[in-house]
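So you can see what is in the structure, the chains are spelled out below.
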Amino acid sequence: MSDQTELRKKAAQTRQATALAHPNIAFIKYWGNQDHALRLPINPSLSMNLGALFTQTTVIFDDSLSHDSLTINQQDYTLDDPAYQRVRHHVDIVREWTNISTHARIESSSNFPVGSGIASSAAAFAALSVASSAAAGLTLTEAQLSQLARRGSGSASRSVPTGYCEWTLGNDVDSVAVSIAPPNFWDLQDVVVVVSQEHKAVGSTGGHRLADTSSLQSARVAGADDRLTRCREALLARDLVSMGAIIEEDAVIMHGVMMSSQPPLYYWNAGTMRIIQATQQWRAEGLPVYFTIDAGPNVHLICESAHVQAVVSAAKQLPEVQDVLVSGPGGPARLV
Ligand code: DP6
């Protein structure tokens, strides 16, 4: 019996489970939904799990509880907190799927800082999906886990399978992520350059709802399939020069949509622009490194492991840089 099967059996017996999931960085971005409630994206996306970073979540179903309880990084959340409501809503889906009404104690912690420019919701909802479904006694396929994770946070669908993952369009059951290459396929590194730790005013969920208000969104969506195909091909050929150009283009197009939304979303600050220009300069000097940027000011520098030290030391010399985190590719969401 595999380790995961054994852990799932134990979870069903004890009605409690602990799962670990990695965040991911998108090379082709998800921005905008066809269906906001189900989080069915407007375009497919492609990402890499970040193996050095993780969220670990324990879910305990307990008949003596009168409501769910949530603790994140040692902080208790009240019932009226939006984060609590989002988590409770997610566990409600699992309760619906199993036909149980028992409340749960949910405890979660991460080894990476909030505000570091890493989408914590991806790792959080992937880990919560694996832990809560196992604790409820469900045996789900990887596709079903990815579907469940997507309902909590779109990008979480991509943190369920291993390594490099592609999330496709479809209806509720089909819009899931699959692995296109394992972590050891290519030792790409994400050097996360932190230029601000401020909490962003508009999060991704609000941003997805604004995407359609930009007249650039239709052009972004029209080109997404082509960019994804070219990015997948470059990735599978381990061709960073081709892939780098595509990921930069895709990130900048997404930020063009954000900046031209109504109201506009300017996630970049002066430090962001400084890192973009420095990246172009490092490249001109022979260092193969490319940037991508999520819904925030911090910049993800993508390079091969042979160049990671050079990228980190170059980044640390810039006065705008407050912190640097480094991660290579990571495995799937799993019970531990
Ligand atoms: C810019 O998955 O965080 O990071 O579904 O509302 O939780 P919700 O949004 P989320 O959006 C991610 C946006 C992005 C691009 C990406 O990761 O593909």
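Things to note about the overall build of the chain
Move 1: Helix and strand counts for the chain stand at nine helices and 16 strands.
Move 2: Its C-alpha radius of gyration of 19 Å places the chain within 12% of the 20 Å reference for a compact globule of 336 residues.
Move 3: For the chain, the spread of C-alpha atoms along the principal axes amounts to about 60 × 45 × 35 Å.
Move 4: Evaluated residue by residue, the chain yields a buried proportion of 52% over its 336 residues.
Move 5: In the chain, the share of contacts with a sequence separation of at least 24, taken over all contacts with a separation of at least 6, comes to 75%.
Move 6: Within the structure as shown, the chain displays about 13,900 Å² of accessible surface, and the carbon and sulfur contribution to it stands at 51%.
Move 7: The chain carries 24 positive and 32 negative side-chain charges, and their two centres are separated by 2 Å.

Details of the environment of Ala177
Move 1: With respect to the helices and strands, the residue Ala177 is situated in strand S11 (residues 177-181).
Move 2: For the pair Ala177 and Ser159, spaced 18 residues apart in sequence, the C-alpha separation works out to 8.3 Å.
Move 3: Sequence-distant contacts of Ala177, that is, excluding residues within four places in its chain, are made with Ser146, Ser157, Arg158, Pro161, Glu166 and Trp167.

As for the site of the ligand
Move 1: Taken together, 17 residues lie around the ligand, and Arg86, Ser153, Gly154, Ser155 and Thr205 are the ones closest in.
Move 2: In this structure, an oxygen atom belonging to the ligand sits 2.6 Å away from a side-chain N or O atom of Ser153.
Move 3: Residue Ser155 places a side-chain N or O atom 2.7 Å away from an oxygen atom belonging to the ligand.
Move 4: About the coverage of the ligand: the protein hides 98% of its 460 Å² of free accessible area.
Move 5: Sort the elements by how many residues they give to the shell around the ligand and helix H5 (residues 204-210) lands first, with three residues.
Move 6: The residue inventory of the shell around the ligand, partitioned by class, reads five nonpolar, seven polar and five charged.
Move 7: Viewed by domain, the shell around the ligand spans two of them, domain 1 (3-183) and domain 2 (188-327), each represented by three or more residues.

What about the environment of Ile60?
Move 1: Here Ile60 is to be found in strand S6 (residues 55-61).
Move 2: Looking at Ile60, the relative accessible area reads 23%, which means it is partly exposed.
Move 3: The spacing of Ile60 and Val241 is 181 residues in sequence and 47 Å in space, taken between C-alpha atoms.
Move 4: Residues in contact with Ile60, not counting those within four places in the same chain, are Arg15, Gln16, His103, Ala104 and Arg105.

Quick notes on the pairing of strand S14 (residues 299-304)
Move 1: For S14, a buried count of five out of six residues is recorded, marking the element as mostly surrounded by other parts of the structure.
Move 2: Bridging between strand S12 (residues 188-194) and S14 involves six bridges; their strand directions are antiparallel. From the neighbouring strand, Val193 faces S14, where its bridge partner is Val299.
Move 3: Looking at chain direction, strand S13 (residues 290-292) and S14 are connected through three bridges and run antiparallel. The partner of Phe291 across the bridge, within S14, is Leu301.
Move 4: Here S13 hands over to S14 after six residues, the two strands then running antiparallel side by side.

Thoughts on the domain arrangement of the chain
Move 1: According to the domain assignment, the chain consists of domain 1 (3-183) and domain 2 (188-327).
Move 2: One C-alpha centre belongs to domain 1, the other to domain 2, and the line joining them spans 24 Å.
Move 3: Between domain 1 and domain 2, the residue contacts involve 31 residues of the former and 43 residues of the latter.
Move 4: Carbon and sulfur atoms supply 66% of the area buried between domain 1 and domain 2, which totals about 3,100 Å² over both sides.
Move 5: Of all residues in domain 1, Phe27, Lys29 and Trp31 bury the most surface against domain 2, accounting for 28% of the area lost on that side.
Move 6: At the junction of domain 1 and domain 2, the tally comes to two salt bridges.
Move 7: The shortest N-O distance in the salt bridge between Lys29 and Asp294 comes to 2.5 Å.
Move 8: Our count for the domain 1 to domain 2 interface comes out at 12 residue pairs in polar contact (both at pLDDT 80 or more).
Move 9: Counting only elements with at least two residues in the side of domain 1 that touches domain 2, the list comes to strand S2 (24-28), strand S5 (45-49), strand S10 (164-167) and S11.

A few points about the pattern of salt bridges
Where charged atoms from two side chains of opposite charge approach closely, those side chains can pair.
Move 1: For the structure on display, the rule yields 14 salt bridges.
Move 2: In this structure, Asp63 and Arg15 form a salt bridge, with 3.1 Å as the shortest nitrogen-oxygen distance. Taken together, the residues Asp63 in the loop between S6 and strand S7 (69-72) and Arg15 in the loop between helix H1 (3-14) and strand S1 (16-21) connect sequence positions 48 residues apart.
Move 3: Taking the relative accessible area as the measure of exposure, Arg15 reaches 28% and is therefore partly exposed.
Move 4: For Asp226, the salt bridge is made with Arg230, and the minimal N-O distance between the two is 3.2 Å. Taken together, the residues span about one helical turn, with Asp226 and Arg230 both in helix H6 (residues 217-236) at a distance of four residues.
Move 5: Asp226 gets classed as partly exposed once you look at its relative accessible area, which sits at 44%.
Move 6: Because the salt bridges share partners, they merge into one network encompassing Asp68, Arg88, Asp92 and Arg95.

The rules behind each value
- Residues numbered from 1 in each chain as written.
- Predicted model: local features only at pLDDT ≥ 70, side-chain atom pairs only at ≥ 80, totals over all residues.
- Heavy atoms only, no water.
- Helix = DSSP H or I, 4+ residues; strand = E, 2+ residues; numbered from the N terminus.
- Rg over C-alpha atoms; globule rule 2.2 N^0.38 Å.
- Buried < 20%, exposed > 50% of the residue type's maximum accessible area, 1.4 Å probe, protein only.
- Contact = heavy atoms within 4.5 Å.
- Areas by Shrake-Rupley, 256 points an atom, 1.4 Å probe, with all protein chains shown as cover.
- Lys, Arg positive; Asp, Glu negative; His and termini not counted.
- Charge placed at Lys NZ, Arg CZ, Asp CG, Glu CD.
- Near = heavy atom within 4 Å.
- Polar contact = N/O pair within 3.5 Å; in protein donor to acceptor, adjacent residues only side chain to side chain.
- Nonpolar A, V, L, I, M, F, W, Y, C, P; charged D, E, K, R; others polar.
- Domains from an automatic or database assignment.
- Pairing = 2+ DSSP bridges.
- Buried area = accessible area lost by both parts, 1.4 Å probe.
- Salt bridge = Lys/Arg side-chain N within 4 Å of Asp/Glu carboxyl O.

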